[in-house]
Amino acid sequence: MPVSLYASPPGVLFPRGSPQEWGQAARQPPGLLPAQCRAFSNNKILVELDTSSGVATMKFKSPPVNSLSLDFLTEFCISLEKLENDRACRGLIITSAVPRVFSSGLDINEMCGKSREHYAEFWRAVQEMWIRLYSSNMVTVAAINGSSPAGGCLIALTCDYRIMVENPKYIIGLNEAQLGIVAPFWFKDTFVKAVGHRVAERSLQLGLLHSVPEAHRIGLVDEVVPEEKLQEKAAAVVAQWLALPDHARQLTKSMMRKAVLDHMLAHREEDIQNFVNFISKDSIQKSLSMYMEMLKKKKS
Amino acid sequence: MPVSLYASPPGVLFPRGSPQEWGQAARQPPGLLPAQCRAFSNNKILVELDTSSGVATMKFKSPPVNSLSLDFLTEFCISLEKLENDRACRGLIITSAVPRVFSSGLDINEMCGKSREHYAEFWRAVQEMWIRLYSSNMVTVAAINGSSPAGGCLIALTCDYRIMVENPKYIIGLNEAQLGIVAPFWFKDTFVKAVGHRVAERSLQLGLLHSVPEAHRIGLVDEVVPEEKLQEKAAAVVAQWLALPDHARQLTKSMMRKAVLDHMLAHREEDIQNFVNFISKDSIQKSLSMYMEMLKKKKS
Amino acid sequence: MPVSLYASPPGVLFPRGSPQEWGQAARQPPGLLPAQCRAFSNNKILVELDTSSGVATMKFKSPPVNSLSLDFLTEFCISLEKLENDRACRGLIITSAVPRVFSSGLDINEMCGKSREHYAEFWRAVQEMWIRLYSSNMVTVAAINGSSPAGGCLIALTCDYRIMVENPKYIIGLNEAQLGIVAPFWFKDTFVKAVGHRVAERSLQLGLLHSVPEAHRIGLVDEVVPEEKLQEKAAAVVAQWLALPDHARQLTKSMMRKAVLDHMLAHREEDIQNFVNFISKDSIQKSLSMYMEMLKKKKS
């Protein structure tokens, strides 16, 4: 199937559903002058929109490690939908307010000792997060100011551009195999599009967590900067991308991402069933429990 | 679908139609000894065939910037068909006779203030140019001796090999997004096959025009040489490729390019309709007019 | 079609048929303690399994150049099946016992002056070798201690990891075009997955045989070591891969390789017919005969 480049109305990259449980988007009434800066915050994510530049910053503030729990993902999707529907917002920087970690990835608590219904609900939220971010009309930049394994790495990969802080302690990668689980096909597709098939095959099989210079070398991140330059750099990159006419940039983004998105959407329910069946297995539950025990011991 | 490697008769990469309006190909009568060098020229392209080496050179000579007008494209396709059907010709070097520019890409005059029928005819000619060059049985080398944005970059990408002159003023890339338009899917596919998905995604969204060293680094051109070495180098590269048995080289080329070609051919009419609908929009017409005004002011 | 990640039972990457003519696999009876080291050898391949590490080494010993004859391929598949079904074996190193050559590729004798039935049988064995190795549950490392053109290169590409000895005389690549033949689509797919489309297009059309540093630079081999370090390095790499949980690593491998495998399996019979038709042509038989004459003269 071809990419219907010219047919799509400008500004609509992707038909966005708006599940009722996520509430109504805060569309700015057209007649009101927006304040210079707007902010909204729930429990786990702080969002600030600079209406003069049209750039929002989303800060993960869910200590200790910004785990992607069901609550976190729901809040993420609501925030994203609000910004997407706000005409004053054209760009988004995603970063962390927690020291040394961008996001540690999916919350293992959501995958351990729960019901099949819960696993299904959780997995649908993980998918929804990816679908909305991958197809966002906004320019999206990941300002990665800490370690970013597994689902944390996925969020970064799903943005348009990745800037990481140079720090010998930070790591990034899809390390699912290390935990005895397997990255789903759309994690894999997103990864392959960034680093190519060969690098992805080895990295995923070994569950590698790459150092910052290595991540840069293989193309997993686009740019590396000192911590104090991160905000400035991220703002400059968003400004560069926003200099393009919105509709041309958005249609181009849609064209580049259509195959991977369509493939995922066509198999979304099947993917949920596969996840639920896999994660419910005794052997998988057992290895996840052991992993969590290990984490707890490490902490204490 | 598999590539029917072994089944294809050697020397036939692609079923070439020969539209009557493009006239008859000048096939050399088998009994006549060819002259050492043959040349033919129309208004916009000069073609010289060295029958001793079997290599033709096509020189774009349509000042000021070798725009790809409907006339230019028609002449290009006729010339290509003549060479393709000439048994004395096995290789082709494409270069420019206009200083500092290889080709500036599609002629915006053909896309502005014309009828839907005209847009359709023009787009079909753009497609035809790509189809014939991408599936050519000849070894094709782009000797890029000047800037090469948009459609100019596409011609280079469609060849088997790209050599560019090192000059800090020359640029190359698919910059459509800068003009508020979108590269069609087969421009994108050709680009992705050369530089990979990640580099293409960023470059197309930003409509980047790359410097020569950068184009070399990302694989958009294969080799960089000083101006005075270009002809010699291009001849050496064609000779290297012609050292292979024709049918094996041609079948291999066909195998490598089949998926992208088939995808385009299956959606050719749809692509024309999409282009006509898109380019006919008031908003697009307006931004193209503004762009042309800007170019005119620049000149004067 | 999606990759049914979660649904596959751990440890089963691929439904392995076991053609009767290849005999019964030597599954270790569960109650017996295996000896520290087991070896079996037929005429052309020596296999040693170190049961303490779970790593087998397969040494090609078919002088002068480890040609992939029908007998060699049959023995290769039997050995592979034995190891695959041996629970004591989790990793495989493939190397050569013949000086200066890893494998020279398909035996041209099997493709020259034989019956159509023979060509079909031979080609099915080539396919079987690739299918089994590409979908192996074991960690597979090619320890390339000599030149490795054509089918020899394919064996290396089909492993999980490639280490090559640094030696200015060694070369590696898919040079089929040099012989006037064409690499089949699944050789091409395996190659493209390692080095990317652009590098593959040029390398296959020119039938390039790359030096070791060049092969390393384009990603055709993963690592280069001095001859005396090869065994040690291969063992270290296998150990690194075996540190991962088997089922997660195997499911990840399956996910990465599924598209290429499925495509080949869907067109396997067609590919055999294409090969038989192609290789039976007078022109191809003639050029293969000439090539063999040339080889014979070179030797004497």
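Residues numbered from 1 in each chain as written. Chains lettered and ligands numbered in written order. Predicted model: local features only at pLDDT ≥ 70, side-chain atom pairs only at ≥ 80, totals over all residues. Heavy atoms only, no water.

Caption draft 1: Structural context of the sheet that holds strand β3 (residues 55-60) of chain C. Residues and elements named next belong to chain C. Spatial strand order, β1-β2-β3-β5-β7-β9-β12: seven strands in an open sheet with mixed pairing. The sheet is open, and its two borders are formed by β1 (37-41) and β12 (223-225), each paired with just one other strand. Between one strand and the next, the sheet's axes are offset by a mean angle of 20°, whatever the strand orientation. Pairing geometry for strand β5 (residues 91-96) and strand β7 (residues 139-144), over four bridges, is parallel. Bridging across to β7, Ile-93 finds its partner in Val-141. Contacting β3, β5, β7, β9 (161-165) and β12, helix α7 (residues 230-242) crosses the sheet at an angle of about 165° to β7. (Pairing = 2+ DSSP bridges. Helix = DSSP H or I, 4+ residues; strand = E, 2+ residues; numbered from the N terminus. Axes fitted to C-alpha atoms, helices over the stretch in contact; angles between N-to-C directions. Contact = heavy atoms within 4.5 Å.)

Caption draft 2: Molecular detail of the packing of aromatic side chains. Residues and elements named next belong to chain A. Evaluation of the coordinates by the stated rule reveals 27 aromatic pairs over all chains. Ring geometry for Phe-60 against Phe-72: centres 5.0 Å apart, planes inclined by 75°, an arrangement best described as edge-to-face. Taken as a pair, Phe-60 in strand β3 (residues 55-60) and Phe-72 in helix α1 (residues 70-84) lie far apart in primary sequence, 12 residues in all. Given the relative accessible area of 0%, Phe-60 is considered buried. Accessibility expressed as a relative area gives 0% for Phe-72, which makes it buried. (Phe/Tyr/Trp six-rings, centres within 6.5 Å; stacked < 30°, edge-to-face > 60°. Buried < 20%, exposed > 50% of the residue type's maximum accessible area, 1.4 Å probe, protein only.)

Caption draft 3: Geometry of the interface of chain B and chain A. Counting from both sides, the interface comprises 30 residues of chain B and, opposite them, 28 residues of chain A. The tally of links between chain B and chain A comes to two salt bridges. Asp-222 of chain A is paired through a salt bridge with Arg-198 of chain B; the nearest N and O atoms lie 2.9 Å apart. For the pair chain B and chain A, the number of links is six residue pairs in polar contact (both at pLDDT 80 or more). When residues of the side of chain B that touches chain A are traced back to their parent elements, those giving at least two are α4 (185-195), α5 (197-206) and α9 (268-279) of chain B. In terms of residue count, the dominant contributor to the side of chain B that touches chain A is α5 of chain B (eight residues). (Salt bridge = Lys/Arg side-chain N within 4 Å of Asp/Glu carboxyl O. Polar contact = N/O pair within 3.5 Å; in protein donor to acceptor, adjacent residues only side chain to side chain.)

Caption draft 4: Geometry of the relation of the copies chain B and chain A. Note on the copies: chain B fits chain A at an RMSD of 0.0 Å, the axial shift is 0.0 Å, and the rotation between them is 120°. Put plainly, the chains are arranged around a three-fold axis. By C-alpha distance to the rotation axis, the residue of chain B lying nearest is Gly-196 of chain B, at 4.4 Å. (Least-squares fit on C-alpha atoms with pLDDT ≥ 70 in both.)

Caption draft 5: Examining the environment of Glu-110 of chain C more closely. All names here are of chain C. Checked against the element boundaries, Glu-110 lands in the loop between β6 (105-106) and α2 (116-134). Put simply, Glu-110 and Arg-268 are 158 residues apart on the chain and 19 Å apart in space, counted from C-alpha to C-alpha. Within the local environment of Glu-110, its side chain forms a polar contact with the backbone nitrogen of Leu-70, the two atoms lying 2.8 Å apart.

Caption draft 6: Representation of the interface of chain C and chain B in the model. Contacts between chain C and chain B engage 29 residues on the former and 28 residues on the latter. Each partner contributes to the roughly 2,600 Å² buried at the junction of chain C and chain B, and carbon and sulfur atoms together form 62% of this total. Counting the surface chain C buries against chain B, the share from its top three residues, Val-182, Arg-198 and Gln-205 of chain C, is 28%. Where chain C touches chain B, the interface holds six residue pairs in polar contact (both at pLDDT 80 or more). Mapped by element, the contributors of at least two residues to the side of chain C that touches chain B are α4 (185-195), α5 (197-206) and α9 (268-280) of chain C. It is α5 of chain C that provides the largest number of residues to the side of chain C that touches chain B, a total of eight residues. Residues that form the side of chain C that touches chain B fall into these classes: 14 nonpolar, eight polar and seven charged. (Buried area = accessible area lost by both parts, 1.4 Å probe. Nonpolar A, V, L, I, M, F, W, Y, C, P; charged D, E, K, R; others polar.)

Caption draft 7: Broad picture of the side chain of Asn-66 of chain C. All names here are of chain C. Along the polypeptide, Asn-66 turns up in the loop between β3 and β4 (67-68). A relative accessible area of 0% places Asn-66 in the buried class. At 2.9 Å, the side chain of Asn-66 and the backbone oxygen of Phe-102 are in polar contact. Once you skip the residues sitting within four places of it in the chain, Asn-66 turns out to touch Phe-60, Lys-61, Ser-96, Val-98, Val-101, Phe-102, Ser-103, Ser-104 and Gly-105.

Caption draft 8: Looking closely at α5 of chain B. The buried fraction of α5 of chain B is high, at eight of 10 residues. Where α5 of chain B is buried, its residues meet β9 (161-165), α4 (185-195), α7 (230-242) and α8 (246-266) of chain A together with α4 and β11 (210-211) of chain B. Residue Gly-207 of chain B follows α5 of chain B closely and has a positive phi angle near 55°.

Caption draft 9: Main features of the pairing of strand β1 (residues 37-41) of chain B. Of the strand pairs in this sheet, β1 of chain B and strand β2 (residues 45-50) of chain B are connected by five bridges, and their pairing is antiparallel. Looking at the pairing, Ser-41 of chain B lines up with Leu-46 of chain B of β2 of chain B.

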